[in-house]
Amino acid sequence: MTGRTQWCTRCGASSPLRRCAAFHGALAPACGAAAPLWAQALLPLPPPPSSPTSPHGKKRALLVGISYKRSWKRLEGSVNDVNCMKFLLQRRFGFPEPSILVLTDGEGNPRRTPTRENILEAMRWLVSGCRRGDSLVFHFSGHGSQLADKDGDELDGYDETLCPVDYQKSGAIVDDMVNAILVRPLPQGVTLHAVVDACHSGSALDLPFVCNMNSKGDYQWESYSRLPKGTSGGLAVCFSSCGDDQTSSETNAFSGNATTGAMTYCFIKAVERGSARTYGSLLLNIRKSIRKSEAGAAASIIPFMGKFLRSRSHQVPQLSSSERFDVNQKLLTL
């Protein structure tokens, strides 16, 4: 299959033929299949948003996908993850295209390259000026790691990190900083949803509570930090691809030739299928899909590189929050 770019007449996406074939089941531009919503991605990216001066009740999203092209730890599905998430937010949840900021390392625009400086600046943009009624989304698909905790706030003794494209030069983004920028400023009435598809991401936002749920849906909230790291009245919720001591996976088991992050794919698919009515049902469906893929298509699972020997390749997606709530009753709304 060639890598030529054409427009798909079914979904409107401009993408390499091999990717369109993987998502729709046949070659573009006449793929001949009614593409599911999650598959109608790989669209041209929007221009960077201007200053955050949208009216009351605005929706805003920051989507970061890093493939680390020049590294031996290259990832194949991160940019696909971001494009699929962007499409979901626009078509399912009504996020305006100008209010979605995308950072990937495939961009020629230096402002949209996911360097450490650009990611931190984009995080500040995401929460800047937010007020009651606002819905914010942060999605990260890339490498995650751990560092020894130096301030004593971590129960396991490690800080979790997100790795920008220039992490070897500029350093990783520690969860304490993510919390300080994205979580603490959230005022009353503002909701932030994060989806973090990376290794060691269970407490990537350093939220104070984690939902310990069994396969039947029974759950209890447990403390995730020695220090209170909540918001300024708003709500922050994070779906992460695995526990802090686990690694995450990329896979092509779900969609043929196109590689995606297992977590991102399962999140989007659960929403599309109507299996994400509540936070609890979404978490259960994501975990079920990932267990199924691990059991039935183990050869198609590509583990991300874990930094520590204590890491486990089996991933169990996590739900953490700035406050406790009934996950089986609270409806999911972005």
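As annotated in an unreviewed UniProt entry, the chain carries the name Peptidase C14 caspase domain-containing protein and is attributed to Spirodela intermedia.

Participant: I'd love a proper account of the pattern of salt bridges, names of residues and values included.
Facilitator: Summed over the entire model, instances satisfying the criterion amount to five salt bridges. When the shortest N-O distance is used, the salt bridge between aspartate 206 and lysine 229 registers 2.6 Å. Of this pair, aspartate 206 sits in the loop between β9 (191-197) and β10 (209-213) while lysine 229 sits in the loop between β11 (219-223) and β12 (235-240), placing them 23 residues apart in sequence. The class of lysine 229 is buried, set by a relative accessible area of 5%. Within the structure, one salt-bridge network assembled from shared partners comprises Asp176, Asp206 and Lys229.

Participant: How would you summarise the packing of aromatic side chains if you had to cite specific residues and measurements?
Facilitator: As enumerated under the stated definition, the model contains five aromatic pairs in all. Look at tyrosine 68 and tyrosine 167: their rings are 6.1 Å apart centre to centre, the planes differ by 80 degrees, and that puts the pair in the edge-to-face class. Taken together, the residues span a long stretch of sequence, with tyrosine 68 in the loop between β3 (59-65) and α2 (78-93) and tyrosine 167 in helix α4 (residues 167-170) at a distance of 99 residues. Between phenylalanine 239 and phenylalanine 267 the ring centres are 5.8 Å apart and the planes differ by 65 degrees, which places this aromatic pair in the edge-to-face class. Taken as a pair, phenylalanine 239 in strand β12 and phenylalanine 267 in helix α6 (residues 262-272) lie far apart in primary sequence, 28 residues in all. Assigned by exposure class, phenylalanine 239 and phenylalanine 267 land together as buried. The cationic tip of arginine 60 hangs over the ring face of tryptophan 125; the distance from NZ or CZ to the ring centre is 5.2 Å. Its end group placed over the ring of phenylalanine 325, lysine 330 keeps NZ or CZ at 5.8 Å from the ring centre.

Participant: Would you mind going over the pairing of β11 in detail, with residue names and values included?
Facilitator: Summarising the sheet, β10 and β11 pair through five bridges and their orientation is antiparallel. What sits directly across from cysteine 211, in β11, is tryptophan 221. Counting the residues between successive antiparallel strands, the hairpin from β10 to β11 contains five residues, one of them, glycine 217, with a positive phi of roughly 95 degrees.

Participant: Summarise the nonpolar core; cite the residues concerned and give the values.
Facilitator: Within the largest apolar cluster, 39 residues are counted, with the highest numbers of intra-cluster contacts made by Leu89, Phe239, Phe267 and Leu319. Sorting the residues of this core by element identifies β3, α2, β4 (100-104), β10, β12, α6 and α7 (279-296) as the ones contributing at least two each. The biggest single contributor to this core is α6, with eight residues. Beyond its immediate sequence surroundings of up to four residues, phenylalanine 239 is in contact with Ala194, Val195, Val196, Met263, Phe267, Tyr279, Leu282, Leu283, Ile286, Gln318 and Leu319.

Participant: Can you tell me about the packing of helix α3 (residues 116-127) against helix α5 (residues 175-183), naming the residues and giving the values?
Facilitator: Here α3 crosses α5 at 30 degrees, and the two axes come no closer than 8 Å. Contacts between α3 and α5 pair Arg116, Leu120, Met123, Arg124, Leu126 and Val127 from the former with Met177, Val178, Ile181 and Leu182 from the latter.

Participant: Run through the confidence of the model for the chain, naming residues and quoting values.
Facilitator: Taken residue by residue, the chain gives an average pLDDT of 78. The fraction at 70 or more is 73%. Note on residues 297-313: pLDDT is under 50 here. Beyond four places in sequence and across chains, it has 50 contacts.

Participant: Can you break down a positive patch on the surface residue by residue, with the values?
Facilitator: On the surface, Arg273, Lys288, Arg291 and Lys292 cluster together to form a positively charged patch. Among the residues examined, lysine 292 registers a relative accessible area of 67% and is labelled exposed.

Participant: Lay out the sheet that holds β9 in plain terms, naming residues and giving numbers.
Facilitator: In sheet architecture, strand pairing relies on hydrogen bonds along the backbone and comes in two forms, parallel and antiparallel. Pairing is mixed in the open sheet, where eight strands are placed in the order β4-β3-β5-β9-β12-β16-β10-β11. Both outer strands of the open sheet, β4 and β11, are each paired with one neighbouring strand and no more. The average angle at which neighbouring strand axes cross in this sheet is 15 degrees, direction not considered. Relative to β9, strand β5 (residues 135-141) is paired through seven bridges, and the arrangement is parallel.

Participant: Could you give me a rundown of α3, with the residues and numbers involved?
Facilitator: Counted at 1.5 Å a residue, the expected span for α3 with its twelve residues is 16 Å, and the 17 Å between its end C-alpha atoms agrees. Among all positions of α3, only Asn118, Ile119, Leu120, Ala122, Met123, Trp125, Leu126 and Val127 are buried. In the segment just after α3, glycine 129 is the residue with positive phi, at about 70 degrees.

Participant: Can you tell me about the sheet that holds strand β8 (residues 173-174), naming the residues and giving the values?
Facilitator: Overall, antiparallel pairing links the three strands, which are arranged β6-β7-β8 in an open sheet. The open sheet has two edge strands with one neighbour each: β6 (144-148) and β8. Pairing of β6 with strand β7 (residues 158-162) involves five bridges; the strand directions are antiparallel. The residue bridging glycine 144 from the neighbouring strand is leucine 162, located in β7.

Quick notes on the rules
- Residues numbered from 1 in each chain as written.
- Predicted model: local features only at pLDDT ≥ 70, side-chain atom pairs only at ≥ 80, totals over all residues.
- Heavy atoms only, no water.
- Salt bridge = Lys/Arg side-chain N within 4 Å of Asp/Glu carboxyl O.
- Helix = DSSP H or I, 4+ residues; strand = E, 2+ residues; numbered from the N terminus.
- Buried < 20%, exposed > 50% of the residue type's maximum accessible area, 1.4 Å probe, protein only.
- Phe/Tyr/Trp six-rings, centres within 6.5 Å; stacked < 30°, edge-to-face > 60°.
- Lys NZ or Arg CZ within 6 Å of the ring centre and 35° of its normal.
- Pairing = 2+ DSSP bridges.
- Core = buried A, V, L, I, M, F, W, Y, C linked by side-chain atoms within 4.5 Å.
- Contact = heavy atoms within 4.5 Å.
- Axes fitted to C-alpha atoms, helices over the stretch in contact; angles between N-to-C directions.
- pLDDT = per-residue confidence, 0-100.
- Patch = residues over 30% accessible without salt bridge, like charges linked within 9 Å, V, L, I, M, F, W, Y side chains within 5 Å.
- Areas by Shrake-Rupley, 256 points an atom, 1.4 Å probe, with all protein chains shown as cover.
- Lys, Arg positive; Asp, Glu negative; His and termini not counted.
- Charge placed at Lys NZ, Arg CZ, Asp CG, Glu CD.
- Expected span 1.5 Å × (residues − 1).

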